[in-house]
Amino acid sequence: REDVTNLLWTASFKSMDQVPIMLARYIRDMSNSTLSVPIVPNATALLSDSASVYLTPKMKQLLADNGVITAASVPYHPKSNSVSERGWLTICGLSRSMLSAAKKRSPLITSEFWPQAIAHATLVINLTTLSHGPKEKSAFEMIANTPPSKVLQKLLPFGCPVVVKLETHHSK
């Protein structure tokens, strides 16, 4: 979770080795975008639970190159990391609910769609959760400078049937 806008960011990967790669991509994308609110340039600390993935030389170098220091919370003590724990519980609960509802509509929806459910839940939370600022905008609105209603009106329920039209190439 990013503190200025309450933006939640999630990424799916197969192994913890990919964490530095995904974080580098996030930093690059946020630094190169034209945001209405600067995020990464103001980031100064990464609070973690001292997991080994955050202590690797590659990760330390990535954070140092971007001026980010690491701070550790107390191990096995969720209260010291309560904001991110609550965010993660919210995302997981919403994803679980979406998967359950989608399975009722279609037996083809299985737990293999967990990463897509997490991404969809994160988008919904970013579109609907208000920041604690004076203007009370959603994280999406603060980042994209666009009201979330434009996205919400096009957002379909997770797992709904869709038709994909593939453009065919005309051969001679």
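Help me out: how do you make sense of the overall build of the chain in this one?
A tally of helices and strands in the chain yields 6 helices and 2 strands. Ordered by position from N to C terminus, the α and β elements of the chain give α-β-α-β-α-α-α-α. Residues classed as buried in the chain amount to 27% of the 172 residues present. Long-range pairs, those at least 24 residues apart, make up 56% of the contacts in the chain with a sequence separation of at least 6.

How should helix α2 (residues 57-65) be read in this particular structure?
Along an α-helix, residues three or four apart share an orientation, since each turn contains 3.6 residues. Turning to α2, its buried residues number three or more, namely Met59, Leu62 and Leu63. Projected down its long axis, α2 carries its buried residues within an arc of 95°, all on one side. Residues of α2 that are exposed and point over 90 degrees away from its buried face: Pro57 and Asp65. Downstream of α2 by one or two residues, Gly67 has phi in the positive range, about 70°.

I would appreciate a short explanation of the nonpolar core in the present structure.
Across soluble globular proteins, nonpolar side chains show a tendency to be buried alongside one another. Grouped together as the largest cluster of nonpolar side chains are 13 residues, with contacts concentrated most on Leu7, Leu23, Tyr26, Met59 and Leu63. When residues of this core are traced back to their parent elements, those giving at least two are α1 (19-32), α2 and α5 (139-144). If near-sequence neighbours (up to four positions away) are discounted, Met59 is found in contact with Val19, Pro20, Leu23, Leu46, Val53 and Tyr54. In this structure, Leu8, Ile109, Ile118 and Ala121 belong to the second largest nonpolar core, which totals 11 residues.

I tried to follow the side chain of Ser95 on my own but got confused; where do I start?
Relative to the helices and strands, Ser95 resides in helix α3 (residues 82-105). The class for Ser95 is buried, based on a relative accessible area of 0%. Those residues in contact with Ser95, other than ones at most four positions away along the chain, are Trp114, Ala117, Ile118 and Ala121.

For this particular structure, what's the right way to read a nonpolar patch on the surface?
A grouping of Leu156, Val162, Val164 and Leu166 is seen on the molecular surface, where their side chains present a nonpolar patch of about 440 Å² in accessible area. As for its placement among the helices and strands, Leu156 is situated in the segment after α6 (149-152).

What is the right way to look at the confidence of the model for the chain in this model?
Low pLDDT marks regions whose predicted coordinates should not be analysed in detail. Summing up the model confidence of the chain, the mean pLDDT is 77 and the portion of residues at 70 or higher is 76%. When the elements of the chain are averaged for pLDDT, strand β1 (residues 45-48) gives the smallest value, 72, and helix α4 (residues 114-128) the largest, 88. Across residues 36-41 the pLDDT falls below 50, and counting only partners more than four positions away or on other chains, this stretch makes 16 contacts in the model.

I keep staring at the environment of Ser52 and nothing clicks. Help me out?
On the secondary structure map, Ser52 appears in the loop between β1 and α2. Distance from Ser52 to Met16, taken between C-alpha atoms, is 9.3 Å for residues 36 residues apart in sequence.

What is the right way to read α4 from this model?
Look at α4: 21 Å from first C-alpha to last across 15 residues, which is about the 21 Å you get at 1.5 Å a residue. Restricting attention to buried positions, one finds in α4 the residues Ala117, Ile118, His120, Ala121, Thr122, Ile125, Asn126 and Leu127.

Procedures and definitions
- Residues numbered from 1 in each chain as written.
- Predicted model: local features only at pLDDT ≥ 70, side-chain atom pairs only at ≥ 80, totals over all residues.
- Heavy atoms only, no water.
- Helix = DSSP H or I, 4+ residues; strand = E, 2+ residues; numbered from the N terminus.
- Buried < 20%, exposed > 50% of the residue type's maximum accessible area, 1.4 Å probe, protein only.
- Contact = heavy atoms within 4.5 Å.
- Arc of directions from axis to C-beta.
- Core = buried A, V, L, I, M, F, W, Y, C linked by side-chain atoms within 4.5 Å.
- Patch = residues over 30% accessible without salt bridge, like charges linked within 9 Å, V, L, I, M, F, W, Y side chains within 5 Å.
- Areas by Shrake-Rupley, 256 points an atom, 1.4 Å probe, with all protein chains shown as cover.
- Salt bridge = Lys/Arg side-chain N within 4 Å of Asp/Glu carboxyl O.
- pLDDT = per-residue confidence, 0-100.
- Expected span 1.5 Å × (residues − 1).

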